[in-house]
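Per-entry structural report
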Amino acid sequence: KPPTSNQTSDMAHKQKLFSDMKDVLQKFHSLTPAQNMEDVRLLFSDFAGKQLPGQVLLSLIGMGEELGVPQQADGHAVSFVQLSNMFCAGCQDSDTVEKLTPIVQKHIDRLEASSSERAAGAEESKPVEDAPKSKEES
């Protein structure tokens, strides 16, 4: 039985919304620390307009994985693939790029501010992405 036009347009809406927001979501994700569950929870709490408990976040990750996209580790507790899936699983018909982009941007600004504070205390020359996984290796 083919999906109803409602489901089709819902999926199309989510995919379009995600493709329009992919760059800003990628920027957010790239700024999060390896243990980024809390940053992701804060972002999705803002999307929802209320504090989301960690359980809700985990169920969103689960929903994303049920969409058939495997978890791809990229050095973050919540990978970009998981973040993308959670975004698609969690976004509503009423969500728009205009509504969601400023929310993500606010979190990008917050992460950039906190990373520049951290960088001020660390070596300036090295971007965080190139830092070795553990201190013992060097």
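Conventions and cut-offs
- In this numbering scheme, every chain counts its residues from 1 along its sequence in written order.
- In view of the model being predicted, local features appear only for residues whose pLDDT reaches at least 70, and side-chain atom pairs are presented and counted only at 80 or more, with totals across whole chains, interfaces and linings using the full set of residues.
- Water and hydrogen atoms were dropped before computing side-chain values, which therefore reflect all heavy atoms in the structure.
- Think of it this way: any DSSP run of H or I at least four residues long counts as a helix, any run of E at least two long counts as a strand, and we number them from the N terminus.
- Only protein chains enter the accessibility calculation, which uses a 1.4 Å probe. A residue is then buried if its area is under 20% of the maximum for its type, exposed if over 50%, and partly exposed in between.
- We call two residues contacting when some pair of their heavy atoms lies within 4.5 Å.
- Note on areas: Shrake-Rupley with a 1.4 Å probe; residue coverage comes only from the protein chains shown.
- In this tally, Lys and Arg are treated as positive and Asp and Glu as negative; His is ignored, and so are the chain termini.
- By definition, a salt bridge exists where a carboxyl oxygen of Asp or Glu is found within 4 Å of a side-chain nitrogen of Lys or Arg.
- An axis is simply a line fitted to the C-alpha atoms; with a helix, the fit covers only the stretch in contact. Between two such axes, the angle follows the N-to-C directions and lies from 0 to 180 degrees.
- Orientation categories follow fixed angle ranges, with anything under 35 degrees roughly parallel, anything over 145 roughly antiparallel, 65 to 115 roughly perpendicular, and all other angles oblique.
- Each crossing gets its handedness from the near helix: less than a right angle anticlockwise from the far helix is left-handed, clockwise is right-handed.
- In this count, Pro and Cys sit with the nonpolar residues alongside Ala, Val, Leu, Ile, Met, Phe, Trp and Tyr, while Asp, Glu, Lys and Arg are called charged and the others, Gly among them, polar.
- You can read pLDDT as the predictor saying how much it trusts each residue, on a scale of 0 to 100.

Another aspect to go through is the overall build of the protein. Helix and strand content of the protein: 5 helices and 0 strands. Along the protein, helices and strands appear, N-terminal first, in the series α-α-α-α-α. Relative to its full complement of 138 residues, the protein shows a buried share of 32%. Counting contacts in the protein only where the partners sit at least 6 residues apart, residues at least 24 apart contribute 70% of the total. With an accessible surface of roughly 8,700 Å², the protein has 55% of that area assigned to carbon and sulfur atoms.

Before going further, it helps to examine the side chain of K14. Mapped onto the secondary structure, K14 falls in helix 1 (residues 5-31). For K14, which is buried and forms no salt bridge, the nearest opposite charge comes from D10, at a distance of 4.0 Å. Residues within four places of K14 in sequence aside, it is in contact with C88, A89 and C91.

The geometry of a pair of packed helices is captured by two quantities: the angle between their axes and the separation between those axes. For the pair helix 2 (residues 37-48) and helix 5 (residues 97-121), interaxial distance at closest approach is 10 Å and the crossing angle is 150°. As summarised for this structure, helix 2 and helix 5 are arranged roughly antiparallel, according to the angle between their axes. In this structure, helix 2 crosses over helix 5, and the sense of that crossing is right-handed. For the pair helix 2 and helix 5, contact is made by D39, L42, L43, D46 and F47 and by L100, I103, V104, K106, H107, R110 and L111, respectively. Partitioned by chemical class, the residues of the contact of helix 2 with helix 5 number 7 nonpolar, 1 polar and 4 charged.

Residue-level pLDDT values for the protein average 81, and 75% of them are 70 or greater. Of all secondary-structure elements in the protein, the lowest mean pLDDT belongs to helix 3 (residues 54-66), at 77, while helix 2 reaches the highest, 94. Below pLDDT 50 for its whole length, residues 134-138 participates in 1 contact with residues either more than four positions away or in separate chains.

A few words now on the environment of P33. By the element assignment, P33 lies in the loop between helix 1 and helix 2. A relative accessible area of 33% means that P33 is categorised as partly exposed. Considered as a pair, P33 and H76 are 43 residues apart in the sequence and their alpha carbons are 7.1 Å apart. In this view, P33 contacts D39, H76 and L111; residues no more than four positions away in its chain are not counted.

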